[in-house]
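One letter stands for each residue in the lines below.
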Amino acid sequence: MSSIRVRFAPSPTGTLHVGGARTALFNWLYARLQKGVFVLRIEDTDQERSTDASTQQILRSMQWLGLDWDEGPTEDGADSRGDHGPYFQSQRRDKYDEFAARLLQENLAYPCYCTPDELDAMRQKAKAEKRDFGYDGRCRDLSHDERKEREARGRTSVLRVRTPDEGSIRWTDIVHGDMEIAADTVEDWVAVKGDGFPTYNFAAVVDDGLMEISHVLRGDDHISNTPKQIHLFRELGFRIPKFGHMPMILGSDGKRLSKRHGAASVEEFRDENFLSAALVNYLALLGWSPGNDQEVFTVQQLTKKFSLKRLNHSAAVFDPEKLAYINAEHLKLLSDKQRLAMAWPILVDAGLAEADDGQARAKLGQVLKIMGARVSHLNDVPAYCAAYFSDDYELDAEAAAEFDDEAQAHMAKLAEAMAKVEGFDAASAEAALRALADELGLKAGQLIHPARFAVSGQKVGPSVFDVLATVGQERVVQRLRAPRRPA
RNA sequence: GACCCCAUCGUCUAGCCUGGUUAGGACUCCAGCCUUUCAAGCUGGUAACACGGGUUCAAAUCCCGUUGGGGUCACCA
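Below: a short report on this structure. Everything numeric in this text was worked out from a predicted model, so none of it was measured.

1. Looking at helix 19 (residues 464–471)
Counting along an α-helix, one turn takes 3.6 residues, and residues three or four places apart therefore face a common direction.
Phase 1 of the analysis: With six of eight residues buried, helix 19 is to be regarded as a mostly interior element.
Phase 2 of the analysis: Listed in full, the buried residues belonging to helix 19 are Val464, Phe465, Val467, Leu468, Thr470 and Val471.
Phase 3 of the analysis: In this fold, the buried residues of helix 19 make contact with helix 13 (358–371), helix 14 (381–389), helix 16 (405–420), helix 17 (426–440), helix 18 (444–456) and helix 20 (473–481).

2. Brief notes about the pattern of salt bridges
Phase 1 of the analysis: The full count for this structure, using the stated rule, is 41 salt bridges.
Phase 2 of the analysis: Across the pair Asp136 and Arg138 runs a salt bridge, and its minimum N-O distance is 3.1 Å.
Phase 3 of the analysis: Classification of Arg138 as partly exposed rests on a relative accessible area of 48%.
Phase 4 of the analysis: The closest approach of N and O atoms between Asp188 and Arg140, which form a salt bridge, is 2.9 Å. Taken together, the residues span a long stretch of sequence, with Asp188 in the loop between strand 8 (177–182) and strand 9 (190–192) and Arg140 in the loop between helix 4 (116–128) and helix 5 (144–152) at a distance of 48 residues. An identical accessibility class is assigned to Asp188 and Arg140; each is buried.
Phase 5 of the analysis: Three or more residues are tied together by salt bridges with common partners; here these are Arg7, Arg41, Glu43, Arg92, Asp207 and Asp208.

3. Points about the protein's contact with RNA strand B
Phase 1 of the analysis: The immediate surroundings of RNA strand B are formed by 62 residues, with Lys193, Gly194, Lys255, Glu295 and Arg374 found nearest.
Phase 2 of the analysis: Sugar and phosphate atoms constitute 74% of the interface atoms of RNA strand B, taking the interface as everything within 4 Å of the protein.
Phase 3 of the analysis: Between a sugar or linking oxygen of RNA strand B and a side-chain N or O atom of Asp46, the distance comes to 2.9 Å.
Phase 4 of the analysis: Here a phosphate oxygen of RNA strand B sits 2.3 Å away from a polar atom, N or O, in the side chain of Lys255.
Phase 5 of the analysis: Elements that contribute at least two residues to the surface near RNA strand B include exactly helix 4, strand 6 (158–161), strand 8, strand 13 (316–317), helix 11 (320–333) and helix 18.
Phase 6 of the analysis: Considering each element in turn, the surface near RNA strand B owes the most residues, five residues, to helix 11.
Phase 7 of the analysis: Per-class residue counts for the surface near RNA strand B are 21 nonpolar, 19 polar and 22 charged.

What counts, and where the lines are drawn
As a convention, each chain's residues are numbered from 1 in the sequence order in which they are written. Chain A is the first chain written and ligand 1 is the first ligand written, with later ones labelled in order. Where totals are concerned, whole chains, interfaces and linings use all residues; where local detail is concerned, this predicted model gives features only for residues with pLDDT of at least 70, and gives and counts side-chain atom pairs only at 80 or more. Side-chain figures throughout are based on the complete set of non-hydrogen atoms in the structure, without hydrogens or water. Throughout this description, buried means an accessible area under 20% of the type-specific maximum (1.4 Å probe, protein chains only), exposed means over 50%, and partly exposed covers the range between. Helix and strand labels come from DSSP, where a helix needs a run of H or I of at least four residues and a strand needs a run of E of at least two; each type is numbered from the N terminus. What makes two residues a contact is simply this: any of their non-hydrogen atoms within 4.5 Å. Counted as salt bridges are all cases of a side-chain nitrogen of Lys or Arg within 4 Å of a carboxyl oxygen of Asp or Glu. The nearness test applies per residue and asks whether one of its heavy atoms lies within 4 Å of the molecule or strand. Polar contact is the term for a pair of N or O atoms within 3.5 Å; when the atoms are in protein, one must be able to donate a hydrogen and the other to accept it, and sequence-neighboring residues count only if both atoms are side-chain atoms. Following the grouping adopted for this structure description, the nonpolar residues are Ala, Val, Leu, Ile, Met, Phe, Trp, Tyr, Cys and Pro, the charged ones are Asp, Glu, Lys and Arg, and the polar ones are all others, Gly among them.

Purely geometric stuff here, so don't read any function into it on its own.
Below you can see the structure in the form of structure tokens.
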């Protein structure tokens, strides 16, 4: 086991977004590639916004994606497992308190008595004067008596970290290379809030330190937190992890991806019946490339080829069309058995079959077979397959318009021909149809197209002879005799 | 606004580090082939180095600047 320890640390204030999923994925891939440890930590220090439902949802999304964690909450989210727990920040108060006390004792931090309202006023003023606002350090050097006096007035305090005024903070970013931020652009930031809970930057450092995280891989939007965290890692005596800031995922308008761009949470893609392997594959391609022309990867292949060295520097736009293509490719990768296992529940959900109907399930297997690559998304299954399971299927408007009285007359004759076929299958149905076409002096296509419509309601689909064979002689004859036409 | 990040087809990207390519691939779009139809598949096509200066025999590639886009500026994470 290597000493590589990475983590994904979502805050349970909503669903798992594709941006977060991509971050989780890259951490997971790196851990699997390096035979390291992947830690999942729930950052629920925001009392107002964190919900248990969100935690559950995130855990479910992670599991759906196949991103299993070595340490973290148990699968049901009720408990923790691993040597560095607990993995819910809300259960780690004792640790934050301990380090906060140390910061205070060593004068690395100080109590600040400014109220949110006061700070807000200062911010407004700075804005009005077109000045930059950074906390001005007015509580930085309060004397013992001054502190006592404020406390006597019932003022609550927050704990602010004393940041250096001079010099700079540097690190070598795995993605961006050498980084240097001037220390004077880093303000004295709040480590412990008025409610006694740690802020993100404080809790993250304590936890990453205690959990012995070796690499912090996260979004670009965290770059500005990094100097604060590095400073604190150092002051607290922790080994400083390596940092890698990955590019953001944007919507088609170039803005950070969000709900208004359409589906943006993992759960939505699951509900829309995307293959999780396809989402994983597509997400991996956003911000990373293998360096050659391969684009379709199984998860297994990704864990072998992934490399931090090949992470991109620039933000990427999420493209639903490319995802759809990758999804279709993964559908082709599935065995007939796997595809059937995925499609069956969808057919059942659509009310086209009973869950325990083994015959219907076998039939779906046949239908899927003749459909072939025409099913590029599992969501298409109900519409494409309805005619094989029910007489209540949709009629394609275009095909219906082409189906005239002459076609109907032809279908009546075809019905009788089909009724006479013995040993009804694709080959015998084809022979009978072609014979009838010859007899009537028609081209085969003149029977084929109306027949497809009469039997399946569709304009397109598999070989019509396969359709006939699969729908079955009895139903074929019925539908040819009395084709459904739009009202 | 300040600080930071980024910059190759519409989109995802290879090429950049270690200057010399007809700047490659994929999605989308278009055309053709195949097919009873559609899809798939196959073949072909349209389409990019943001701009300006350097350095160099030679710059997508190295340097500087400009412009553009994004991010951060909370007792949110």
